[in-house]
Structures are given as C-alpha cells and as structure tokens.
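As a plain string of letters, each chain reads:
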Amino acid sequence: MADRVTVIGWDGTPLSAAARWALGAATLVAGAPHHLALPDIPAGAERVRLGSVSVAAGRIARHRGTAVVLADGDPGFFGVVRTLRAPEHGLEVEVHPAVSAVAAAFARAGMPWDDARLVVAHSRTLRRAVNVCRAHPKVAVLTSPGAGPAELALLLTGVHRTFVICEALGTEREQTTVITSDKVPDHSWRDPNVVIVVGGSSPSAPTGTHRGDGWIAGREPGYPPPTRGWALPAAAYAGPAPLPGAAPRASESTQLRALQLARLGPRTGDLVWDIGSGGGALAVEAAGFGAAVIAVDRDREACQRAELAARRFGVRLQTVCGPAPHVLEDLPEPDVVRVGGGGVGTVTAVADRRPGRIVTHAVTRDEAEALGSALAERGYAVECALLQSVELSTRTWAESERAVVFLVSGVRE
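Residues numbered from 1 in each chain as written. Predicted model: local features only at pLDDT ≥ 70, side-chain atom pairs only at ≥ 80, totals over all residues. Heavy atoms only, no water.

S.K.: Is there a simple way to explain the overall build of the protein chain in this structure?
M.R.: Regarding its fold elements, the protein chain presents twelve helices and 17 strands. For the protein chain, the C-alpha atoms occupy an extent of roughly 85 × 50 × 45 Å along the three principal directions. Evaluated residue by residue, the protein chain yields a buried proportion of 49% over its 413 residues. Excluding contacts between residues fewer than 6 apart, the proportion of contacts in the protein chain whose partners are at least 24 apart in sequence is 61%. Looking at the protein chain as shown, the accessible area adds up to about 20,100 Å², and 53% of this sits on carbon and sulfur atoms. Taken as two groups, the 42 positive and 42 negative side-chain charges of the protein chain have centres that lie 2 Å from each other. (Helix = DSSP H or I, 4+ residues; strand = E, 2+ residues; numbered from the N terminus. Buried < 20%, exposed > 50% of the residue type's maximum accessible area, 1.4 Å probe, protein only. Contact = heavy atoms within 4.5 Å. Areas by Shrake-Rupley, 256 points an atom, 1.4 Å probe, with all protein chains shown as cover. Lys, Arg positive; Asp, Glu negative; His and termini not counted. Charge placed at Lys NZ, Arg CZ, Asp CG, Glu CD.)

See below:
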C-alpha cells in the first residue's frame, strides 16, 4: 500500500507551498493529461492517467511509495476523494483543496449560490438533472461528455431558462457565456464546463422575509413556506380571490389526493404528469416534494388556477392546456403519472409511455376493473382499493360530505 496519498485540487492558480512539497516528493502522480503536464511533477515519478478513478485507486493501493492525485477544483466535492476512501481500496488521504468549479462558476457570473441546487449530469443521470432544472430556479450542473449544455437544453424544450456556461475554468481557454436555452444547441461547447441554469417565475417572499434570510443551502429565502403540511383542503389552493369556476372537482377530495401522492411518491429528479390537474392541488404538492411537474388540463381557467396556486406556494410547474391523450404526445417522458380524468383511453396512452407508477380513480367498480385491466395488460402490477371518507361538522357532528371512490394504482414490473 502507498505510504501516503495526497490529493491536490487545482484551479489554475499556483499551488500552495504544502501542495508543492507533497508533489515534489511523489513517486507516483495520477491525474488528467493537463495535470500530468505540470512542471512541478518529479521527472522520475510514475505517471498514471486518471481515466477510471476506481482503477487508478487500485493501482495506487498497490504502489510502494508516496502517491499524489491531482484533480480539478475541490476533490472532496463530487470528486475523487470519495472513491479513494472507499472500503475496497482502504486509502487514507490528505487533501489540499482548491476553489471548486461550482464556486468559480458562480464567481464568474457574479451570483450568490447558497440557494442553488447542484447536480452532476452524465449519461445515466442526464434526464434527472434536467428535471431538477425544470423544478428549481437556480441549478449548477457539473457536465460530462455527452451530457453537456446542448443536451441539457434540448431536453428542456418547452421551458425557458437562461444558461451561464463556464468553459475550461482555470485555463488559458476559460470563457463564460450567457445565453438563452433555445440558442444553446446552436453552438459547440468545450469540456470541461459548468452550467448554471436560472429562470422560472420567482414567488414573492413571505411577509417579513428578506432576500438575505436564507438559513439552509439549496433553498430560496423564505423556506419553509408559511403553510405547513400537505394534502391540504382544495380551498387552500384557490387563493383569496379564485377565478370564476374555481370550485374543486369531486375527484379532488383531500383524502383521495393524499393517497394518490403516497402511491406516486414524487421526489427530486422525477418528472410528474398530473393529467386533469384541475385547480392544481396535487401538482403543487408534488412540486413541493422537489419533483418537476407538468399539469395538464383541457380547461384553460384550470391551468390558470394551477399557475396561481404554484406561485402562492412558492413552487414551479409547467401547465399544458389541451385534451388528453392527444396533448401528451410531445411531452417529455414521465417518471410517475396521476390520471385525474380521461378514462381508459388516457390511462392506456400513459401506460404506453412506460412511467414507473400510475395512479387514477374510478367511480364504479366496472370502471375500476377496466382501468386495472388496461394497466395489467401493459405490464403493471395493479392494486385497487375502495375509499370512503365522511366529513363531519364539528359544531353539530352531523355528516356534511361523503365520498366513495376506487383508487387504482399500477407499478411497472
């Protein structure tokens, strides 16, 4: 095993005295090609090109001598330190960090970043990274070949964002470009780069909140919102002055919505379709869990109510006005879907897009059976429950409202 492993972050500025001393004493140096060209590396040191960090870690573990690993920025932040310290390698490391690429990118943009979400985009996580950019107003994306600015922008079609693209940070070729998302695919971008994605309407901060009042990273000032909880009564989403026709639909009962959300399990990185979104109660609550949401309804006033509710609750969602299933054809691939209206035809069209989970409801047993059969035929494990809820007046303790509905859910097998 190597006698000592030192990890040195590099941001294009001169190395510290301690980092230069460690590098000068190294018998093995691992890094990217531009790191291995640094003049401070001893002539007799073995040089290992850092392609697969795990492979390089194995080589370092077998080395008898003093090893140094060079990495861009802060190697403890989405960097090599995690892999080097993994139990299978057993390496103890000393770290000399530099300014992280994300911190440098925000500095070049002249923007604060305590309220930003940070994601890594590569071939396996690109779609989830895009969904975070849909759901949040400020996101820093650490890109990779094949998952760069152009790919991000193409998957964000239909959502306007501004990109701040920082290329080759810390090198002579460094360049920062501010560009709208629709223009990004028209250009070629150098690796490595960091993309700051900003945009989406910002809600007003709650009364008494100032822009400097943030207390938790990755959240906007004013978090948490003043209203606590979820599965709130539908009236909570109508606002103080609802638009005409804002009365909640029968299918939007609080109890049904709570169970639908539980079955869907929306989370950060997901894209939720809410079809037949009505006043937007479920869409807003799914967005509150961190998911990206597209609310679909044939009624334009319903879409407006959903947008108003999203602004009131400080979340972001995209509304699409039109009849399902036809309006679904051009939407990006969903992870989970609530079908609040449209029947078997819409459920079938959704199932053909292969989301992980689908929930819907039926008023009659025959309708529930038809919906369940459509899901089962397309490879979903189906569950159905008969839900009955009774609301009582707390003044007279008499029944004020009764709802009976079948909850149908499917999980892709």
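S.K.: I tried to follow the nonpolar core on my own but got confused; where do I start?
M.R.: Most often, soluble globular proteins keep nonpolar side chains buried together rather than apart. Grouped together as the largest cluster of nonpolar side chains are 23 residues, with contacts concentrated most on Trp273, Ile275 and Val350. Those elements giving two or more residues to this core turn out to be strand S11 (271-275), strand S12 (292-297), strand S14 (336-339), helix H11 (343-351), strand S15 (357-362), helix H12 (365-377) and strand S17 (399-412). Each residue touching Val350, except ones within four places of it in the same chain, is listed here: Trp273, Ile275, Leu328, Val337, Val339, Pro355 and Ile358. (Core = buried A, V, L, I, M, F, W, Y, C linked by side-chain atoms within 4.5 Å.)

S.K.: Got a minute to help me understand the sheet that holds strand S7 (residues 138-142) in this structure?
M.R.: Strand pairing in a sheet relies on backbone hydrogen bonds. The paired strands run either parallel or antiparallel. If you trace the five strands from one edge of the open sheet to the other, you get S6-S7-S10-S8-S9, paired in mixed fashion. Edge positions in the open sheet fall to strand S6 (117-120) and strand S9 (175-180), since each of these has one partner strand only. Going across the sheet, the axis of each strand differs from the next one's by a mean of 20 degrees, ignoring polarity. Bridge count between strand S8 (residues 162-167) and strand S10 (residues 193-198): six bridges; the pairing is antiparallel. Each residue of the ladder has a partner; that of Val164, found in S10, is Ile196. Sheet contacts for helix H5 (residues 101-109): S6, S7, S8, S9 and S10; angle to S10, the most-contacted strand, approximately 60 degrees. Running at roughly 165 degrees to S6, helix H6 (residues 126-135) makes contact with S6, S7 and S10 of the sheet. (Pairing = 2+ DSSP bridges. Axes fitted to C-alpha atoms, helices over the stretch in contact; angles between N-to-C directions.)

S.K.: Would you explain the pairing of strand S2 (residues 28-31) in this entry?
M.R.: A regular strand carries its side chains on alternate faces of the sheet. Burial along S2 is two-sided: the residues Leu28 and Ala30 and Val29 and Gly31 are all buried. Relative to strand S3 (residues 46-49), S2 is paired through four bridges, and the arrangement is parallel. Bridge pairing in S3 places Gly31 opposite Arg49. Pairing between S2 and strand S4 (residues 66-72): three bridges, direction parallel. Across the sheet, the residue bridging to Leu28 is Ala67, located in S4.

S.K.: Would you mind going over the environment of Val120 with me for this structure?
M.R.: Considering the arrangement of structural elements, one finds Val120 in strand S6. Relative accessible area serves as the criterion here: at 30%, Val120 is assigned to the partly exposed category. Along the chain, Val120 and Val194 lie 74 residues apart, while their C-alpha atoms are 9.7 Å from each other. Those residues in contact with Val120 that sit more than four places away from it in its chain are Phe78, Thr125, Ala129 and Leu142.

S.K.: I tried to follow unusual backbone geometry on my own but got confused; where do I start?
M.R.: In terms of backbone geometry, most residues other than glycine have negative phi values and most peptide bonds are trans. For the peptide bond that leads from Ala324 to Pro325, omega is 5 degrees, which places it in the cis range. Structurally, Pro325 is set in the loop between strand S13 (318-321) and S14. With a phi close to 50 degrees, Ala168 is a non-glycine residue in the positive phi region. Following the sequence through the fold, Ala168 ends up in the loop between S8 and S9.

S.K.: Help me understand the confidence of the model for the protein chain, please; the structure alone is not making it clear to me.
M.R.: Interpretation of this model should avoid reading the predicted coordinates in detail wherever pLDDT is low. When pLDDT is averaged along the protein chain, the result is 90, and 92% of the positions lie at 70 or above. Low pLDDT (under 50) marks residues 205-209, which in the prediction has six contacts with non-local residues, meaning those over four places away or in another chain. Throughout residues 240-248 the model reports pLDDT below 50, and contacts reaching past four residues in sequence, or to other chains, amount to ten contacts. (pLDDT = per-residue confidence, 0-100.)

S.K.: Would you mind going over the packing of H11 against H12 with me for this structure?
M.R.: To describe two helices that pack against each other, one gives the angle between their axes and the distance between the axes. Remark: H11 packs on H12, axes separated minimally by 9 Å, with the N-to-C direction vectors making an angle of 20 degrees. Relative to H12, the element H11 is oriented roughly parallel. Relative to H12, the crossing made by H11 is right-handed. Contact with H11, carried on its side by Gly343, Val344, Val347, Thr348 and Ala351, involves Ala370, Leu371, Ala374 and Leu375 of H12 and no other residues of that element. (Parallel < 35°, antiparallel > 145°, perpendicular 65-115°, else oblique. Left-handed = near helix turned anticlockwise from the far one by under 90°.)

S.K.: What am I meant to see in the packing of aromatic side chains here?
M.R.: Two aromatic rings are characterised by how far apart their centres lie and by the angle between their planes. Inspection of the entire model under this criterion finds four aromatic pairs. Seen from their ring centres, Phe106 and Trp113 are 5.8 Å apart, and the 10 degrees between their planes marks the pair as stacked. Looking at Phe106, the relative accessible area reads 1%, which means it is buried. Look at Trp113 and you get partly exposed, because its relative accessible area is 32%. Ring centres of Tyr237 and Phe313 lie 4.8 Å apart, and the angle between their planes is 25 degrees; this geometry places the pair in the stacked category. Of the two residues, Tyr237 sits in the loop between S10 and helix H8 (254-264) while Phe313 sits in the loop between helix H10 (300-312) and S13, which places them 76 residues apart along the sequence. (Phe/Tyr/Trp six-rings, centres within 6.5 Å; stacked < 30°, edge-to-face > 60°.)

S.K.: Just checking my understanding: could you explain the layout of surface pockets for this structure?
M.R.: Left-over empty space is what a probe sized like a water molecule reveals as it rolls over the atoms. When its volume is computed, the largest pocket comes out at roughly 1,400 Å³. For the largest pocket, the lining is made up of 46 residues, of which Asp72, Phe78, Gly79, Thr143 and Pro192 are closest to its centre. Of all the secondary-structure elements, those providing two or more residues to the lining of the largest pocket are helix H2 (33-36), S4, helix H4 (81-84), H5 and S10. For the lining of the largest pocket, the element with the most residues is H5, which contributes four residues. Split by residue class, the lining of the largest pocket holds 23 nonpolar, 15 polar and eight charged. (1 Å grid on protein atoms, 1.4 Å probe; cavity = no way out; pocket = protein on both sides within 12 Å on 5 of 7 lines; lining within 4 Å. Points joined across faces, edges and corners; volume = space filled by probe spheres on them. Nonpolar A, V, L, I, M, F, W, Y, C, P; charged D, E, K, R; others polar.)

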